[in-house]
Amino acid sequence: MPARAKNASYSDLYSRAWKVCVDLWPLWVARFLYIICNYGAFIVCVLFTFWPLISQVLQNQQAGGHLSSADYQALIMDFFGRFKDLSFLGAVAVLAVFYLIWWTVISAWFNGGLFGRLTAWVREGEPFSWLAFGRDGFYHLIPMVLLQLFLVVLLILILGALCFIGFLGFLLLGLLHFPGFLGLVLALPLGLALILFFLAYQVFALVAQAGLMENGRVMEAVEKSYQSCSNDGFRVLKALLLMILMATGVLIVLTLFFKALELIPVLGILFLLVDFGLRVVFYMVTDIYFPALAVVSLSPKAR
């Protein structure tokens, strides 16, 4: 196996990752289909949950009433009163569990196919095929589900520890009668540190999913993610973190720009639609580009 070059610039990694995305452009189609399946199931579950309320509104309209004349407060109170019925509450719980299982399975299948095809192209130059995408998704389904569960549990534990430390800190400030503004001053760097933690956690999760393509073993993928992020002066971590920060900065600038344009009478609606469309495109691009960058950063051939 050739040695990994340590002098490749970040711009070279970024351009290689973009080339991978362009060559494997059907992955964006797969991502679009995944979004439809995921949010489609969510909308169906929400409609089933609120169907008693929706049906009452429709019956009122069919009886000759108008939407504006309906007593929505009474309808809403009647709807929430249904939660006292254990059968209705159980049906809502079943829908919630169904969507949770659906989201877990379909996201694990998609990520298995995504990282599998990215790894195959980067290392072997294997072209994209829908059959291979589906095969990789099913092959890595169980390990990807286990990895996702591990990452969720890890995130909950770390956030719980951070919240506990923060609570103790503010409690100590209160017991020692420090000025109130001191807590606000300390909250700013703590907030920035928390944001950086979430971004670093996203990088760790991306690298762990890329490492899972090696042999399908969850703990080895987690160990490799930690080693890859910490080796070579945190090179992989800094490369992905820098790109995520730049992408986040672009999104913030675009958001502020279009929020200002939305204040223009009449034309504001048009800019609102443009803003929504750009957000969809942005998320679809980054949802493929960031995994591609993780795979490229780890691959000896791509480096």
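Residues numbered from 1 in each chain as written. Predicted model: local features only at pLDDT ≥ 70, side-chain atom pairs only at ≥ 80, totals over all residues. Heavy atoms only, no water.

(A) A look at the overall build of the chain. Helix and strand counts for the chain come out as ten helices and zero strands. The order of helices and strands in the chain, counted from the N terminus, is α-α-α-α-α-α-α-α-α-α. Within the span of the chain, comprising 303 residues, buried residues form 37% of the whole. Residue pairs at least 24 apart in sequence account for 76% of intrachain contacts in the chain once pairs closer than 6 positions are excluded. In the form shown here, the chain has an accessible surface area of approximately 18,200 Å², with 77% of it arising from carbon and sulfur atoms. (Helix = DSSP H or I, 4+ residues; strand = E, 2+ residues; numbered from the N terminus. Buried < 20%, exposed > 50% of the residue type's maximum accessible area, 1.4 Å probe, protein only. Contact = heavy atoms within 4.5 Å. Areas by Shrake-Rupley, 256 points an atom, 1.4 Å probe, with all protein chains shown as cover.)

(B) Expanded view of the pattern of salt bridges. Applying the stated rule across the entire model yields nine salt bridges. Among the ionic pairs, Arg117 bridges to Glu126, the shortest N-O distance being 2.9 Å. By relative accessible area, which is 30% here, Glu126 ends up partly exposed. Here Asp136 ties to Arg135 by a salt bridge, and the two come within 3.7 Å at their closest N and O atoms. Judged by its relative accessible area of 48%, Arg135 is partly exposed. Salt bridges sharing partners connect three or more residues here, namely Arg117, Glu126, Arg135 and Asp136. (Salt bridge = Lys/Arg side-chain N within 4 Å of Asp/Glu carboxyl O.)

(C) Up close: the packing of helix α1 (residues 10–23) against helix α10 (residues 267–298). Taken N-terminus to C-terminus, the directions of α1 and α10 make an angle of 120°; their axes are 8 Å apart at the nearest point. With respect to their mutual orientation, α1 and α10 come out oblique. The interaxial crossing formed by α1 with α10 has right-handed handedness. Contacts between α1 and α10 involve Leu13, Tyr14, Arg16, Ala17, Trp18, Val20 and Cys21 on the former and, on the latter, Val285, Ile288, Tyr289, Ala292, Leu293, Val296 and Ser297. Across the contact of α1 with α10, the residue classes break down as twelve nonpolar, one polar and one charged. (Axes fitted to C-alpha atoms, helices over the stretch in contact; angles between N-to-C directions. Parallel < 35°, antiparallel > 145°, perpendicular 65-115°, else oblique. Left-handed = near helix turned anticlockwise from the far one by under 90°. Nonpolar A, V, L, I, M, F, W, Y, C, P; charged D, E, K, R; others polar.)

(D) Seen up close, the side chain of Asn38. Mapping Asn38 onto the fold places it in helix α2 (residues 26–49). A residue is classified by how much of its surface remains accessible, and Asn38, at 5% relative accessible area, is buried. Every residue in contact with Asn38, bar those within four places of it in the chain, is listed here: Tyr99, Trp102 and Trp103.

(E) Spatial organisation of the nonpolar core. Residues Leu27, Leu118, Leu147, Val203, Leu240, Tyr289 and Leu293 are the most contacted members of the largest nonpolar core, which totals 60 residues. When residues of this core are traced back to their parent elements, those giving at least two are α1, α2, α5 (86–124), α7 (141–175), α8 (180–211), α9 (218–261) and α10. In terms of residue count, α9 provides more of this core than any other element does, 13 residues in total. Among all residues touching Leu118, those that are not within four sequence positions of it are Val20, Leu24, Leu27, Pro291, Ala292 and Val295. If you look at the next biggest cluster of nonpolar residues, it comprises six residues, including Leu53, Leu75, Phe79 and Val92. (Core = buried A, V, L, I, M, F, W, Y, C linked by side-chain atoms within 4.5 Å.)

(F) Geometry of the packing of aromatic side chains. Across all of its chains, the model carries 17 aromatic pairs by this definition. Where Tyr34 meets Phe110, the ring centres are 5.0 Å apart and the plane angle is 20°; that geometry is what we call stacked. Remark: Phe110 occurs in helix α5 and Tyr34 occurs in helix α2; sequence separation between them is 76 residues. Across the pair, exposure class does not vary: Tyr34 and Phe110 are buried alike. Each member of the aromatic cluster is reached from another via a ring pair, and the members are Tyr34, Trp109, Phe110, Phe128, Trp130, Phe133 and Phe138. (Phe/Tyr/Trp six-rings, centres within 6.5 Å; stacked < 30°, edge-to-face > 60°.)

(G) Local environment of the confidence of the model for the chain. For the chain, per-residue confidence averages 82 on the pLDDT scale, and 86% of positions sit at 70 or higher. Predicted confidence for residues 1–7 stays below pLDDT 50, and this span has twelve contacts to residues more than four positions away or in other chains. (pLDDT = per-residue confidence, 0-100.)

(H) Highlighting α5. Taking 1.5 Å per residue as the helical rise, α5 with its 39 residues ought to reach 57 Å, and the 56 Å between its terminal C-alpha atoms agrees with that figure. Among the residues trailing α5, Gly125 stands out with phi positive, at a value near 70°. (Expected span 1.5 Å × (residues − 1).)

(I) Structural view of a nonpolar patch on the surface. A grouping of Leu162, Phe164, Ile165, Phe167, Leu168, Leu171, Leu194 and Phe198 is seen on the molecular surface, where their side chains present a nonpolar patch of about 750 Å² in accessible area. The element that contributes the greatest number of residues to the nonpolar patch is α7, accounting for six residues. Tracing the backbone through its elements, the reader meets Leu168 in helix α7. Judged by relative accessible area, Leu168 falls into the partly exposed class, the value being 39%. (Patch = residues over 30% accessible without salt bridge, like charges linked within 9 Å, V, L, I, M, F, W, Y side chains within 5 Å.)

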